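Descriptive analysis of the structure
Now for the letters of each chain:
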Amino acid sequence: MEALALRLSGLDPYVDGAIRIVTFYDTLMRRRVDLPALARASAGLAECVTGIRLHGTGRPIRVSPLGTEATGPELPATATAPVTLDDEKIGTVWLERPGPAHHLDDILLDRLALAVAAAVERHGPARTTMADPALVELAVGPTTDDPTRARALRLLGFPAGTRLHVAAVHTPGPLDRLAAHVSPYGLVKAAALDTDTPLGVLLATTLDPTRFPTGTRAGLATAHDPTLAWHHARTALRFTTPHQPVIHHTDLGALALLADIPATTARANPDVAALTDLAACPDDLATLDAYCATASVRRAADRLHLHHSTVARRLDHLTRTLPFDPTTPTGLTRARLALTLWRLHTPTPDT
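All values derive from a computational prediction rather than experimental measurement. (Residues numbered from 1 in each chain as written. Predicted model: local features only at pLDDT ≥ 70, side-chain atom pairs only at ≥ 80, totals over all residues. Heavy atoms only, no water.)

1. Section: the packing of helix H11 (residues 282–294) against helix H14 (residues 329–345)
When two helices pack together, their arrangement is given by the angle between the helix axes and by the axis-to-axis distance. For the record, the criterion: Axes here refer to lines fitted to C-alpha atoms; in helices the fit is confined to the stretch in contact. Angles between the N-to-C directions go from 0 to 180 degrees. Where helices and strands are cited, they refer to DSSP runs of H or I of at least four residues and of E of at least two residues respectively, numbered from the N terminus. Here is the rule for angles: anything less than 35 degrees is roughly parallel, anything more than 145 is roughly antiparallel, 65 through 115 is roughly perpendicular, and the remaining ranges are oblique. Should the near helix be turned counterclockwise from the far one by less than a right angle, the crossing is left-handed, whereas a clockwise turn marks it as right-handed. Note on contacts: a residue pair is in contact if any heavy atoms of the two residues lie within 4.5 Å.
Closest axis-to-axis distance for the H11/H14 pair is 10 Å, and the angle between their directions is 120°. Overall, the two elements H11 and H14 adopt an arrangement that is oblique. For the element pair H11 and H14, the recorded crossing hand is left-handed. On H14, the residues that touch Leu 285, Leu 288, Asp 289, Tyr 291 and Cys 292 of H11 are Leu 332, Ala 335, Arg 336, Leu 339, Trp 342 and Arg 343.

This is how it looks when you write it as structure tokens:
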């Protein structure tokens, strides 16, 4: 085959270029690169902005010839090709040349489209984000045996041994749309679990924590063990607040241990009990929360959009009301711990 390619390239420079492109993409597919890597390699080869868009995500991957994200306005495509899988069009690839199209652009895009389809197929049925809740329950459930869990994950499209990103979410919007938004490139599956509260679960090969929309609370975790990741994600969700709506379990550190304290024990603590009484006065509770978050009267005032003298008066009142002085180092630590425990065991309307 190599001898034939050499003979053909000597007869026609176009054939030589085409064979080099075919070989280039064959190598990428053998290395099982993902979509962003395909876009970067293609942009470098084409020496122009290259784009990939899957219909299941909508968000394009656009990369400049330097291998960085193309942040400028999307130029009219000088060449496009459909991405097809199982005779269904699942996306588009394109080139954005500032000048005229190159005579090898069509074959480059044909091979890129094949490579994209292979990547999507390899990562599983990524076009459908909503999953059977029963399968998801089996994948993350603590009582599922290992063979059953492996089969459930395989049916969901996740290869064996995949390090999963798991999210426990409360969201006002459609769960499938949220899943596609926060995991635009990898495989993601979502399900609404039938619990006392409307709880959603996302299983994904990649998750972008910065893409969760306003109004959504999310606890995140990552592990090879889906059961452990799901437990950690639900724990992280309990620590979320309106000011910190997305939390990864690893960022909690030792604070995660507070989630294991029984509710009866926490509520019986004098500091936590005092905050239960303080909740009857939302302004005082908000002041304590802001001061605990900032450790500064002026920064707390900025956060509450109040004059600093007003916050100082409220803190003086809290010092006389609570069993600790939040303006001292020890009292501030007690206040932060008490607030965390109170939130963990006192669900509020926004959680």
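2. Comments concerning the packing of aromatic side chains
As a reminder of what qualifies: The aromatic pairing rule takes the rings of Phe, Tyr and Trp, using the six-membered ring of Trp, and pairs them if the centres are within 6.5 Å, calling planes under 30 degrees apart stacked, those over 60 edge-to-face and the rest tilted. Exposure categories follow from relative accessible area, calculated using a 1.4 Å probe and restricted to protein chains: below 20% of the type maximum is buried, above 50% is exposed, and the middle band is partly exposed.
Under the defined criterion, the tally for this structure stands at one aromatic pair. On the numbers, 5.2 Å between centres and 85° between planes, the contact of Phe 24 with Tyr 25 is edge-to-face. With relative accessibility at 0%, the residue Tyr 25 sits in the buried group.

3. Some words on the pairing of strand E8 (residues 217–223)
Quick reminder of the rule: Between any two strands, pairing holds if DSSP finds at least two bridges. Throughout, right-handed denotes a crossover for which the path from the first strand over the helix to the second runs clockwise when the strands point away from the viewer.
E8 sits mainly inside the fold: six of its seven residues count as buried. Here strand E5 (residues 164–170) pairs with E8 via seven bridges, running antiparallel. Following the sheet pairing, Leu 164 is matched in E8 by Ala 223. In terms of handedness, the path from E8 via helix H8 (residues 226–238) over to strand E9 (residues 246–248) forms a crossover that is left-handed.

4. A closer look at the packing of helix H12 (residues 297–304) against helix H13 (residues 308–321)
Quick reminder of the rule: Any residue that is not Ala, Val, Leu, Ile, Met, Phe, Trp, Tyr, Cys, Pro, Asp, Glu, Lys or Arg is counted as polar, Gly included; the first ten are nonpolar and the last four charged.
It is the contact of H12 with H13, at a shortest axis distance of 8 Å, that shows an interaxial angle of 110°. As far as their axial angle goes, H13 and H12 are roughly perpendicular. For the pair H12 and H13, the contacting residues are Val 297, Arg 298, Ala 300, Ala 301 and Leu 304 in the first and His 308, Val 311, Ala 312 and Leu 315 in the second. Looking at the contact of H12 with H13, its residues break down into seven nonpolar, one polar and one charged.

5. What to know about the nonpolar core
So the rule is basically this: Grouping buried Ala, Val, Leu, Ile, Met, Phe, Trp, Tyr and Cys residues that are joined through side-chain atoms within 4.5 Å yields what is termed a nonpolar core.
Core analysis: the largest hydrophobic core is formed by 35 residues, its most contacted members being Leu 38, Ile 52, Val 93, Leu 109, Leu 112 and Val 116. Elements represented by at least two residues in this core include exactly helix H2 (13–30), helix H3 (35–46), strand E1 (49–54), strand E2 (61–63), strand E3 (79–85), strand E4 (88–96) and helix H4 (105–122). Per-element accounting of this core gives the leading share, 10 residues, to H4.

6. What about helix H6 (residues 146–156)?
An α-helical segment advances 3.6 residues per turn. Residues three or four places apart therefore align on the same side. The condition that has to hold: Note that the arc is defined by the directions from the helix axis to the C-beta atoms.
For H6, the full list of buried residues reads Arg 149, Ala 152, Leu 153 and Leu 156. For H6, the angular spread of buried residues about the axis comes to 95°, placing them on one side. Exposed and oriented more than 90 degrees from the buried face of H6 are Pro 147 and Arg 154. On its buried face, H6 is in contact with helix H5 (133–140), E5, strand E6 (188–193), strand E7 (199–204) and H8. Once H6 finishes, Gly 157 follows within two positions and takes phi at roughly 105°, a positive value.

7. Here's the deal with the confidence of the model for the protein chain
What counts here: As a per-residue quantity, pLDDT reports the predictor's confidence and falls between 0 and 100.
Averaged over all residues, the pLDDT of the protein chain equals 87, while 90% of them reach at least 70. Note that residues 1–11 has pLDDT below 50 and, in this model, four contacts with residues that lie over four places away or in other chains.

8. Some thoughts on the sheet that holds E6
The strand order across the open sheet built from five strands is E6-E7-E5-E8-E9, with neighbouring strands paired in mixed fashion. Looking at the sheet topology across the chains shown, the edges are occupied by E6 and E9. Each strand of the sheet is rotated relative to its neighbour by a mean of 20°, with strand direction disregarded. Contacting E6 and E7, H5 crosses the sheet at an angle of about 100° to E6. Contacting E5, E6, E7, E8 and E9, H8 crosses the sheet at an angle of about 35° to E5.

9. Side note on the environment of Ala 117
Structurally, Ala 117 can be placed in helix H4. On the basis of relative accessibility, which here comes to 7%, the residue Ala 117 falls in the buried class. Considered as a pair, Ala 117 and Leu 54 are 63 residues apart in the sequence and their alpha carbons are 9.8 Å apart. If near-sequence neighbours (up to four positions away) are discounted, Ala 117 is found in contact with Val 83, Thr 84 and Leu 85.

10. A short note on the pattern of salt bridges
How we decide: The term salt bridge refers to a pairing of a side-chain nitrogen on Lys or Arg with a carboxyl oxygen on Asp or Glu at a separation within 4 Å.
Counted according to the given criterion, the structure contains seven salt bridges. For the salt bridge of Asp 283 with Arg 314, the shortest nitrogen-to-oxygen distance reads 3.9 Å. Highlighted residues: Asp 283 in helix H11 and Arg 314 in helix H13, separated in sequence by 31 residues. Between Arg 320 and Asp 316 there is a salt bridge, and its shortest N-O distance comes to 2.4 Å. Of this pair, Arg 320 and Asp 316 both sit in helix H13, separated by four residues, roughly a single helical turn. The exposure class assigned to Asp 316 is partly exposed, which follows from its relative accessible area of 43%.

11. A closer look at the environment of Ala 46
Relative to the helices and strands, Ala 46 resides in helix H3. For Ala 46 and Leu 341, which are 295 residues apart along the polypeptide, the C-alpha to C-alpha distance reads 56 Å. Discounting residues that sit within four places of it in the chain, Ala 46 has contacts with Leu 95, Arg 97 and Leu 108.

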